[in-house]
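Examining the three-dimensional arrangement
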Amino acid sequence: MNGTVDTTKILADMATYQDTYVNPDDAFPEIPLYYWKTVVLKGTNMHNVVNNATSATNTWNIEDWWRS
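Residues numbered from 1 in each chain as written. Predicted model: local features only at pLDDT ≥ 70, side-chain atom pairs only at ≥ 80, totals over all residues. Heavy atoms only, no water.

For the rest of this paragraph, the subject is the confidence of the model for the protein. Looking at the protein, the pLDDT average stands at 79 and 78% of residues meet or exceed 70. Element-level mean pLDDT values for the protein span from 86 in helix α1 (residues 7–21) up to 92 in strand β2 (residues 66–67). (pLDDT = per-residue confidence, 0-100. Helix = DSSP H or I, 4+ residues; strand = E, 2+ residues; numbered from the N terminus.)

Here it is, written out as structure tokens:
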């Protein structure tokens, strides 16, 4: 699911993952509420722009960005 932006495929993959994760037979200790799926578009002259899948903003490492 991390290699595509096709929401239909992501939905199916996330549903399968969640079914496996919350199954009491597998004895997982917690249930994730959500996973942040973001798409970062950047120019070819921008460097060190890294996507962040947490609740932090996409500018979480802005001090490390540089432009050529």
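The structure having been displayed, the exposition proceeds.
The next point concerns unusual backbone geometry. Unusually for a residue other than glycine, Asn 48 sits at a positive phi of about 65 degrees. Structurally, Asn 48 can be placed in the loop between β1 (46–47) and β2. A relative accessible area of 38% places Asn 48 in the partly exposed class. (Buried < 20%, exposed > 50% of the residue type's maximum accessible area, 1.4 Å probe, protein only.)

Let us look at the pattern of salt bridges. Tallying each qualifying case throughout the model produces 1 salt bridge. A salt bridge links Asp 13 to Lys 9; the shortest N-O distance between them is 3.3 Å. Placement of both Asp 13 and Lys 9 in helix α1 is noted, with a separation of 4 residues, approximately one turn of the helix. Here Lys 9 falls in the partly exposed class, since its relative accessible area comes to 42%. (Salt bridge = Lys/Arg side-chain N within 4 Å of Asp/Glu carboxyl O.)

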